[in-house]
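Residues per chain are reported as follows:
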Amino acid sequence: MSRFLVAILCLAGWATAVFESASRRPPRGLPVQGEPRHDVPSAKAEPTTNRISMGATAPSVHSATAVELSDGTIRAFWFGGSREGAKDVAIWSADLAAGQWSPPRLVVDRRIMGRWMRRYIRKLGNPLAHAGSDGRVTLFVVSVSVGGWSGSAVNRLVFSPDGRTLESANRLVASPILNLGTLVRGAAVETGGGELLVPAYHETVKRFPQLLRVDHNGRVLGRGGPAVRGNLLQPWLLTSNDGAMDLFLRRGAGKEAKIFLSRGDGSGWSVPAPIDVPNPDSGLSALRLADGDFLLAANPDPVSRSNLVLLRAPGPEGPWEQILAIDTEEREEDEQDFKFLEYSYPWLMADRAGVVHLLYTWNRREIRHWSIGQDRLPKGGAR
């Protein structure tokens, strides 16, 4: 009887996962908040690179996210600890002001999160930051109480406009399967009604991407996204003023190691299809530039994260052309003893002055920041 009951529960979980991954209609008339405006001139900033996790007590860091505060400060968040998934992993933060990064500071660890959420938290994972039109900073943080990432949930923290005072905290109810298996990664988009579209993905029973509609009280009003076959996760959403939506998807383990794309127009989603950009089961990031072009940060090799590049295209489907190499397999002096190189989990954003900022994981040891004015970005040889 017990085996029969377990089989029934597994079947029900599988059926629910399939239902949750089914196509939903994108919201109509979605206003865009925070994307570069076409009348904002690009800043003439030369490329700069610096390291922002220096000084943090965590020996291993990963998964950076960043926002621009109302005063122009860039605030970054990431997780760090002895290793990914360890109990000592915490969320760290640092500020970029007047060209200098502040020393990293601890934002929340699993014990503090447990007190805020009134539950046992075993480990923390990906953070996702969003600066709202009201100036407040919302930080979504993945946590696990039991098991691995398939047992994850998403916590929502809202901070005051200066980012220092916690105003509210709650746990998102994002999955019908015991509220487990939901993680976040890509940048959120604010709608005109004060809601957020939060790119998320599910890892229990089946992997698939989702867009969570979250209201200003932290309630999940709906879940949607394209129907997928195979192993697609970590969606990155770009929207436009005419309501078009482009969803770039990381390809998990599988035969076709490329980035996938699904497009929404208010009536439904296209079937995700590969674009001509390799993806070695690694995170990616996308940005719409002020001139309408698309920028993509990705690992350009089908089996390795040892190169990180920027690619540019006139449209989301391409043709994509590599325009800059950010970090390569050519070892630096302080990388000679590493068994392998990893430059991963890029985060692209543009500030109000039009400067493009890229944050990424450097060998799980540091979070690196790279920036450039949009008018300094190469157009590509085809144009």
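Details of the structure are given in the entry above.
Residues numbered from 1 in each chain as written. Predicted model: local features only at pLDDT ≥ 70, side-chain atom pairs only at ≥ 80, totals over all residues. Heavy atoms only, no water.

Here we take up the overall build of the chain. Summing up its helical and strand segments, the chain has 2 helices and 26 strands in all. In the form shown here, the chain has an accessible surface area of approximately 16,400 Å², with 53% of it arising from carbon and sulfur atoms. (Helix = DSSP H or I, 4+ residues; strand = E, 2+ residues; numbered from the N terminus. Areas by Shrake-Rupley, 256 points an atom, 1.4 Å probe, with all protein chains shown as cover.)

As a further point, take the pattern of salt bridges. Evaluation of the coordinates by the stated rule reveals 24 salt bridges. Between Asp281 and Arg250 there is a salt bridge, with the nearest N and O atoms lying 2.9 Å from each other. Here the residue Asp281 occupies a position in the loop between strand 19 (273-278) and strand 20 (285-288), and Arg250 occupies one in strand 17 (residues 245-251), the gap between them amounting to 31 residues. Judged by its relative accessible area of 8%, Arg250 falls in the buried class. The residue Asp291 makes a salt bridge to Arg312 at a minimum N-O spacing of 2.6 Å. Note that Asp291 is positioned in the loop between strand 20 and strand 21 (294-298) and Arg312 in strand 22 (residues 308-313), a separation of 21 residues in sequence. Residue classification places Asp291 among the partly exposed positions, given a relative accessible area of 40%. Judged by relative accessible area, which is 3%, Arg312 ranks as buried. Put simply, Arg51, Asp327, Glu332, Asp334, Glu366 and Arg368 are held in one network by salt bridges that share partners. (Salt bridge = Lys/Arg side-chain N within 4 Å of Asp/Glu carboxyl O. Buried < 20%, exposed > 50% of the residue type's maximum accessible area, 1.4 Å probe, protein only.)

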